[in-house]
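What the coordinates show
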Amino acid sequence: MMNNYSGLAPQKKNRRDAVISLCLLAALFLLLFLLERFLPAKSMLFTVLKKGAIYALVAVSMNLLNGFTGLFSLGQAGFMLIGAYTYGILTIPAAARVSVYQYFDGGLIQFSLQEAFASLLGGSQFAGAVGELLGVILALLAAGAAAALFAYLIGLPVLRLKSDYLAIATLGFAEIIRAIFQWNTLGPVTNGSNLLRKFPTFSSTIFPFAVAGACIAVIVLLINSSYGRAFKAIREDEIAAEAMGINLAKHKMLSFCISSFFAGIGGALLAMYQTTVQASAFKAAMTYEILLIVVIGGIGSVTGSIISSFLFIACSEWWLRFLDAPLVISGFQVPFLRSGFRKVVFSIIIMAVVLFYRQGIMGDREFSLRRIGNFLRRKAYGKEGEAK
């Protein structure tokens, strides 16, 4: 019995895969909607889903630069910081700025984007809801644009470096940015070392999933375009890529700015998730976490970064948390179970994954419906296409 699917034209195959992907995406959002309806709002599952979606976006943006272009950068936390502050500064309501910027006379900026849109659309309740949505979306885009602008300015001198030197330079940039944003001279804008708060946040899991999913989809389209092929050529051999007519400086800068743009949006989403922003939270350890997620998932694999993001957050925030609580059985206290022990176990698990999966969970492969379909068909039919 021959496999009818194998006889389909490539366009029909792509159309069929696209339809199946859209159906699965709709099913995912329906599942999220049902989970929010029937599970408690404080369930740890929602924490994993929200934070996992945000980290997935940042990890994929870092993979675009490190995995697909071959530029070893460690400045992701700095770009996330810029995005988080840009979002917070532009969306704090005017009435709340006096209490937020209490040490700086209400701050320099006295408006919010959502209020500006609401006033343009009219004073009705509907206009206020639409204005808030438009203001949040524009603020997210502004967060990415601000991070990309800083990336362009930093990239002019830094992208001349290679390998470890580039990593050290970008890491230094992230630390400098963190110190500058806590500088009291910039307090009227950044609020110094104080918290930014009272900006719009999200309560639904669907919002970060929708934003992160849309951004990751754009990155995937870019990777599969002629620019993505140029990035991969630079990763494989810069000399050969340049000989083929690829402008190294232009494409490196493009990859650096695009990666920073989506990292800025990820930082804004993280600010919405945490409900506050403070520069001291965006330390180098945050960049190392993102890099670890990329390595575990597979350098050069988008789906690997997504899968490892959710696994990383689930293990660190939920599944291993019971190891931090002392356990007494029949008067005997189980040794080692105390605060901080889950981090030790988590580190051992990471070491085991790195040892046994040298190229990560996915390597440089991608999860695809066609790959699963081919695997299932090989199990159902013989090599010659005949039924077993």
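Conventions and cut-offs
- Residues numbered from 1 in each chain as written.
- Predicted model: local features only at pLDDT ≥ 70, side-chain atom pairs only at ≥ 80, totals over all residues.
- Heavy atoms only, no water.
- Salt bridge = Lys/Arg side-chain N within 4 Å of Asp/Glu carboxyl O.
- Patch = residues over 30% accessible without salt bridge, like charges linked within 9 Å, V, L, I, M, F, W, Y side chains within 5 Å.
- Areas by Shrake-Rupley, 256 points an atom, 1.4 Å probe, with all protein chains shown as cover.
- Helix = DSSP H or I, 4+ residues; strand = E, 2+ residues; numbered from the N terminus.
- Buried < 20%, exposed > 50% of the residue type's maximum accessible area, 1.4 Å probe, protein only.
- 1 Å grid on protein atoms, 1.4 Å probe; cavity = no way out; pocket = protein on both sides within 12 Å on 5 of 7 lines; lining within 4 Å.
- Points joined across faces, edges and corners; volume = space filled by probe spheres on them.
- Nonpolar A, V, L, I, M, F, W, Y, C, P; charged D, E, K, R; others polar.
- Axes fitted to C-alpha atoms, helices over the stretch in contact; angles between N-to-C directions.
- Parallel < 35°, antiparallel > 145°, perpendicular 65-115°, else oblique.
- Contact = heavy atoms within 4.5 Å.
- Phe/Tyr/Trp six-rings, centres within 6.5 Å; stacked < 30°, edge-to-face > 60°.

With that out of the way, let us pick up the pattern of salt bridges. With the rule as written, the count across this model stands at seven salt bridges. Of the charged contacts, one joins Glu317 and Arg321 as a salt bridge, the two residues approaching to 3.6 Å between their closest N and O atoms. Among the charged side chains, a salt-bridge network with shared partners connects Lys51, Glu317 and Arg321.

It is worth spelling out a nonpolar patch on the surface at this point. A cluster of nonpolar side chains, namely Leu30, Phe33, Leu34 and Phe38, defines an oily patch on the protein surface of about 430 Å² accessible area. Structurally, the position occupied by Leu34 is in helix α1 (residues 10–38). Overall, the relative accessible area of 37% leaves Leu34 in the partly exposed class.

So, about unusual backbone geometry. With a phi close to 65°, Lys198 is a non-glycine residue in the positive phi region. Classification of Lys198 by relative accessible area gives partly exposed; the value is 43%. A positive phi angle is found at Thr275, which is not glycine, with a value near 70°.

Before going further, it helps to spend a moment on the layout of surface pockets. Taken as a whole, the second largest pocket spans an internal volume of roughly 420 Å³. Glu289, Phe312, Ser316, Glu317 and Lys343 are the residues nearest the centre of the second largest pocket, which is lined by 20 residues in total. Of all the secondary structure elements, the ones that give two or more residues to the lining of the second largest pocket are α2 (44–68), α12 (248–274), α13 (284–297), α14 (302–319) and α15 (341–356). Broken down by class, the residue content of the lining of the second largest pocket amounts to eleven nonpolar, three polar and six charged.

What follows is about the packing of helix α3 (residues 76–91) against helix α7 (residues 163–181). Two packed helices can be described by the angle between their axes and the distance between those axes. Viewed as axis vectors pointing N to C, α3 and α7 meet at an angle of 30°, and their least axial separation amounts to 8 Å. If you check the angle between α3 and α7, you find them roughly parallel. The segment α3 lies against α7, with Gly78, Phe79, Leu81, Ile82 and Tyr85 engaging Phe173, Ala174, Ile177, Arg178 and Phe181. Classifying every residue of the contact of α3 with α7 gives eight nonpolar, one polar and one charged.

Quick look at the side chain of Lys252 now. Along the chain, the position of Lys252 falls in helix α12. Leave out the neighbours within four places in its chain, and Lys252 touches Leu71, Leu159, Ile234 and Glu238.

Let us now look at the packing of aromatic side chains. Centre distance and the angle of the planes are the two values used to describe a pair of aromatic rings. Under the defined criterion, the tally for this structure stands at eight aromatic pairs. Look at Phe202 and Phe207: their rings are 5.9 Å apart centre to centre, the planes differ by 35°, and that puts the pair in the tilted class. Judged by relative accessible area, which is 12%, Phe202 ranks as buried. Taken together through their ring pairs, the aromatic side chains of Phe79, Phe173 and Phe256 make up a single cluster.

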